[in-house]
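Survey of secondary and tertiary structure
Here's the letter readout for the chains.
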Amino acid sequence: MTRPKHILTMIPMAAAIAPGAMAQNRPNIIHIMSDDHAYQAISAYGDQLSEHAPTPNLDRLASEGMMFRRAYVENSLSTPSRACLFTGLYSHQNGQRGLGRGIDTTKTFVSEILQQNGYQTGVVGKWHMQCTPKGFDWYEVFYNQGEYYNPGVKTPLTEGRYERQEGYATELVTEKAISFIENRDTTRPFCLFVHHKAPHRNWMPALKYIGLFDDIEFPMPDTFYDDYQGRGAAEHQQEMSIDKDMTMEYDLHVPGWGAMHGFDETYAEYWGSSISRLSPEEREYVEQTYARRNAELLEKDLKGDDLVRWKYQRYVRDYLSVIRSVDDSVGELLEYLEAQGLLDNTVVVYTSDQGFYMGEHGWFDKRFMFEESFRTPLLIRYPAMIKPGSVSDALVQNIDFAPTYLDLAGIEKPEEMVGTSIVPVLKKEGKSPRRWRRYLYYHYYDYPAEHNVLRHDGVFDKRWKLIHFYDPEGKVPSYDELFDLRHDPQELRNVIGERSSRRALRRLRKQLERFRTEQAIDEI
Ligand code: SGN
Ligand code: CA
C-alpha cells in the first residue's frame, strides 16, 4: 500500500489549545460511517438476510463493545444526517433539510471544538455537504456522492480540485484512515471520521467480489408484497419500489436491457458512467463478468413476478458484496489499531448515515420514518467504559454524536446543541439512565424530489409511532398515521382511528406538539 505524503504537522492549529487539553488520557475517537448500510445486513443484529452473508469484523465491534438496537436518525437522508452529526442540531436548526444545498456554515461543528481543544481532527471519504470541511487538520473527501472506482478526491492541497485517485472507494478510505493515524502528532489525541461511500446506490462491488453471493438464494422479507392497505398517499405514491422503480441497467447492472425490450430505460446511460473511471482492462473485466452473470437471465427472458424475484436477488447479492469490503475495512482498521497499541484507548464507533430498505414493503432507498430507514446501525467499542457484548435499548439519535464526542474528550457541550451525550448509557451497560428521553422527533423534508416520498414529521416512544404526512405545495391533503410496534413490528396496520389506541394517540399528539413548539419547527 502506498501512503500519500501527509501534511498534518504542517497545518497550523486553528485556535489556542485550552489549558489541560494536552492530557494524554483523553481517548482517540474514530467515527466510521457508511452510507445506506441497513442493520439487516450486519450479522450481529441477527436478521435473516445477514445469516447468509456474515460480517465478522462488525460483529467483533458488537461482541467487544455495545450494540444499539434503538439508534435512530432525525432525517433519513445523507446530507441532513451528516449535518446532524457535525452540529448536534436538528435539520431545521442546522439548515440541511433536503439533500442539496442547505448547511448553515455559521453553526459550530464538533470537529472545530475538538480541534480547538487539542484534538487532531480528520475526515476521509464521503463529505457530501456543500461546504468545505471545517474544523479539520486534514481532509481527503470525495466529490459529491463519491465514485466507487478511481474516485475524485479533494484535500487541503489540491486547491479545490478533485483529483482522480486509483482504487476502490472503500479500500481507498481505509488506506487514508490508516495514513492519517500513522502521520499524526502522537502527543495529541485524534478524532477521525471515516466515511464510506459504500454501500450507496448503485451498489458496485470491488472487482474481486463481483458475484460473491451468486450461489445463495436470499430469503425475501415477509413484507415484500405489502399492498399499503389502510395507509395513505405517501406509501402509495413513493417511487422506491424494487418492482417498479429499480432499473435493470443502472441499478442491477444488466446493460442493454432497455434496447432489448424496446424501451429507453431510465438512467440507462448511468451504467456506462458507473464504470467509466475504470482502466480499459478493468472495464473489460467488469463488463465480461456481468455479461456472464446476466446470460441466464437474458436467455430465460423472465417476466412478471419471476423477474421481480430475480431483481431482488441481484440487488441483495450486489449490495452484500459491497458490504463485504466495508466489513474488511473495519477489520483492517481494528487490526492496525491493535498492532499500534491504540485499540483500547480509542473509541471506535460504527454507524450508517441512515438505514435502508432491503425489500421490506417492496422497497429500496430510505427517507420514511418506518423502522428500516429511521433506525440505523450503531456499534461502539471502548473497553475502558463499555462492558463487552452489551446491548442497549436506550433511545439514541444522530444529534447525540457531537455531544457524546465532546463528553468523551472532557469538553462541555455548547448550550445550543440539542443532542445529548450517550456516555451515561455506555457506562450503564446500555441501560437508559434515569430521566433519559422517552420520545424521539423525526422530520423528513426532501419533497418534491427523487423517490417521491411525502414530507412528514413524527414522534416515537419505542412502542408507538405517530407520523404526520404533509405536502408543502398543498396538492396532497395532510394526514396522520399511528402504528403500535409492540403488536405490529412491521408497521403494516395503521391504527389511527381505532378505539384501543385513542389514549396513545392523544399522548403522542401532545408530544409531537411539544417538540414542534420547543424546537420552534417552522414548516409543517
Ligand atoms: C441519489 C440516488 C437516490 C438516493 C439519493 C440520496 N439516485 O440521488 O436513489 O436516494 O442519492 O442518497 S442515483 O441515481 O444518483 O443513484 S443519500 O444517501 O445521499 O441520501
Ligand atoms: Ca445515505
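Residues numbered from 1 in each chain as written. Chains lettered and ligands numbered in written order. Predicted model: local features only at pLDDT ≥ 70, side-chain atom pairs only at ≥ 80, totals over all residues. Heavy atoms only, no water.

1. Let's talk about the overall build of the protein
In plain terms, the rule: Where helices and strands are cited, they refer to DSSP runs of H or I of at least four residues and of E of at least two residues respectively, numbered from the N terminus. Note on method: radius of gyration uses C-alpha positions; expected globular size equals 2.2 Å times residues raised to 0.38. Residue exposure (1.4 Å probe, protein chains only): buried if accessible area is under 20% of the type maximum, exposed if over 50%, otherwise partly exposed.
From N to C terminus, the protein includes 15 helices and 16 strands. Against the 2.2 N^0.38 benchmark of 24 Å for 524 residues, the protein shows a C-alpha radius of gyration of 23 Å, consistent with a compact globule. Considering only C-alpha atoms, the protein reaches an extent of 65 × 65 × 40 Å along its principal axes. For the protein, the proportion of its 524 residues judged to be buried stands at 61%.

2. Notes on the side chain of Q96
Just so we agree on the cut-off: Here a polar contact is recorded for every N or O atom pair within 3.5 Å, except that within protein the pair must consist of a potential hydrogen donor and a potential acceptor, and residues adjacent in sequence are included only if both atoms are side-chain atoms. A contact between two residues is defined here by any heavy atoms of the two lying within 4.5 Å.
Residue position: Q96 is located in the loop between α4 (91–94) and α5 (110–116). By relative accessible area, which is 0% here, Q96 ends up buried. Within the local environment of Q96, its side chain forms a polar contact with the backbone oxygen of G98, the two atoms lying 2.9 Å apart. Looking at Q96, its side chain comes within polar contact range of the main-chain oxygen of G100, at 2.7 Å. Once you skip the residues sitting within four places of it in the chain, Q96 turns out to touch N75, T79, P80, A83, S91, R101, G102, I103 and M129.

3. Some remarks on the site of ligand 1
How we decide: We call a residue near a molecule or strand as soon as one heavy atom of that residue lies within 4 Å of the molecule or strand. The accessible surface values rely on the Shrake-Rupley method and a 1.4 Å probe; as for residues, cover is taken only from the protein chains in view. Using a grid of 1 Å spacing that covers the protein atoms alone, one calls a set of points a cavity when a 1.4 Å probe fits there but cannot get out, and a pocket when the set is open and has protein on both sides within 12 Å along at least five of seven lines; lining residues are those with an atom within 4 Å of a point. Cavity and pocket membership follows a simple rule, namely that a molecule belongs there if more than half of its atoms are within 2 Å of the grid points. Throughout, the ten residues Ala, Val, Leu, Ile, Met, Phe, Trp, Tyr, Cys and Pro are labelled nonpolar, Asp, Glu, Lys and Arg are labelled charged, and all others, Gly among them, are labelled polar.
In the neighbourhood of ligand 1, 19 residues make up the surrounding shell, with Y250, D365, R367, E450 and H451 lying closest. Between ligand 1 and the protein, one listed contact pairs an oxygen atom with a side-chain N or O atom of K126 at 3.5 Å. Take H451: an N or O atom from its side chain is 2.6 Å from an oxygen atom of ligand 1. Protein contacts shield 90% of the accessible area of ligand 1, which totals 460 Å² for the unbound molecule. Cavity membership is defined here by more than half of the atoms lying within 2 Å of grid points; on that basis ligand 1 lies in the largest pocket. Taken together, the residues of the shell around ligand 1 break down into 4 nonpolar, 6 polar and 9 charged.

4. Quick notes on the pattern of salt bridges
What counts here: Take a side-chain nitrogen of Lys or Arg and a carboxyl oxygen of Asp or Glu: if they are within 4 Å of each other, that pair is a salt bridge.
With the rule as written, the count across this model stands at 44 salt bridges. Across the pair R514 and E518 runs a salt bridge, and its minimum N-O distance is 3.2 Å. Residue R514 and its partner E518 are both found in helix α15 (residues 502–518); the two are separated by 4 residues, about one turn of the helix. The class for R514 is partly exposed, based on a relative accessible area of 46%. Residue E518 is classed as exposed on the basis of its relative accessible area of 54%. Three or more residues joined by partner-sharing salt bridges are found here, namely D36, D365, K366, R367 and D446.

5. Brief notes about the sheet that holds strand β4 (residues 120–125)
For clarity, the threshold we go by: Only strands that DSSP links by at least two bridges are regarded as paired with each other. Between N-to-C directions, angles cover 0 to 180 degrees, with each direction set by a line fitted to C-alpha atoms, over the stretch in contact for helices.
With mixed pairing, 10 strands are arranged side by side in an open sheet as β7-β6-β5-β4-β8-β1-β9-β10-β2-β11. The sheet is open, and its two borders are formed by β7 (163–164) and β11 (390–392), each paired with just one other strand. By the bridge criterion, 7 bridges tie strand β1 (residues 28–34) to strand β9 (residues 346–352) in an arrangement that is parallel. Counterpart to I32 in the pairing with β9 is Y350. The strands touched by helix α3 (residues 78–87) are β1 and β8 (190–195); relative to β8, the strand with the most contacts, the crossing angle is about 175 degrees. Along the sheet, helix α11 (residues 304–339) contacts β1, β8 and β9; its crossing angle with β9, the most-contacted strand, is approximately 175 degrees.

6. Considerations on the coordination of the calcium ion (ligand 2)
So the rule is basically this: Only nitrogen, oxygen and sulfur atoms qualify as donors, provided they sit within 2.8 Å of the metal or within 3.2 Å for Na, K and Ca; with water excluded from the atoms, sites may seem incomplete. A site with four donors is called tetrahedral when every donor-metal-donor angle falls between 85 and 135 degrees; four donors are called square planar, and six octahedral, when opposite donors sit more than 155 degrees apart and all other angles fall between 65 and 115; any other arrangement is irregular.
With distances of 2.1 to 2.7 Å, the protein atoms coordinating the calcium ion (ligand 2) are D35 (OD), D36 (OD), D353 (OD), D353 (OD) and Q354 (OE1). Taken together, the 6 donor atoms coordinating the calcium ion (ligand 2) and their angles of 52 to 173 degrees define a geometry best described as irregular. Sequence spacing of the donors to the calcium ion (ligand 2): D-D-x316-D-Q. Of the two residues examined, D35 and D36, each falls in the buried class.

7. As for the confidence of the model for the protein
To keep it simple, the criterion reads: Scored between 0 and 100, pLDDT is the confidence that the predictor attaches to each residue.
Scored by pLDDT, the protein has a mean of 95; 95% of the residues are at 70 or more. Under a pLDDT of 50 for its full length, residues 1–5 has, in the predicted model, 7 contacts with residues more than four places off or in other chains. Within the model, pLDDT remains below 50 along residues 9–23, and this stretch shows 20 contacts once partners closer than five positions in the same chain are excluded.

8. A look at the side chain of H451
With respect to the element layout, H451 can be found in the loop between β13 (440–444) and β14 (455–460). A distance of 3.5 Å separates a polar atom in the side chain of H451 from a polar atom in the side chain of R201. Those residues in contact with H451 that lie beyond four places of it in its chain are R201, Q238, E239, M240, F364, D365 and R367.

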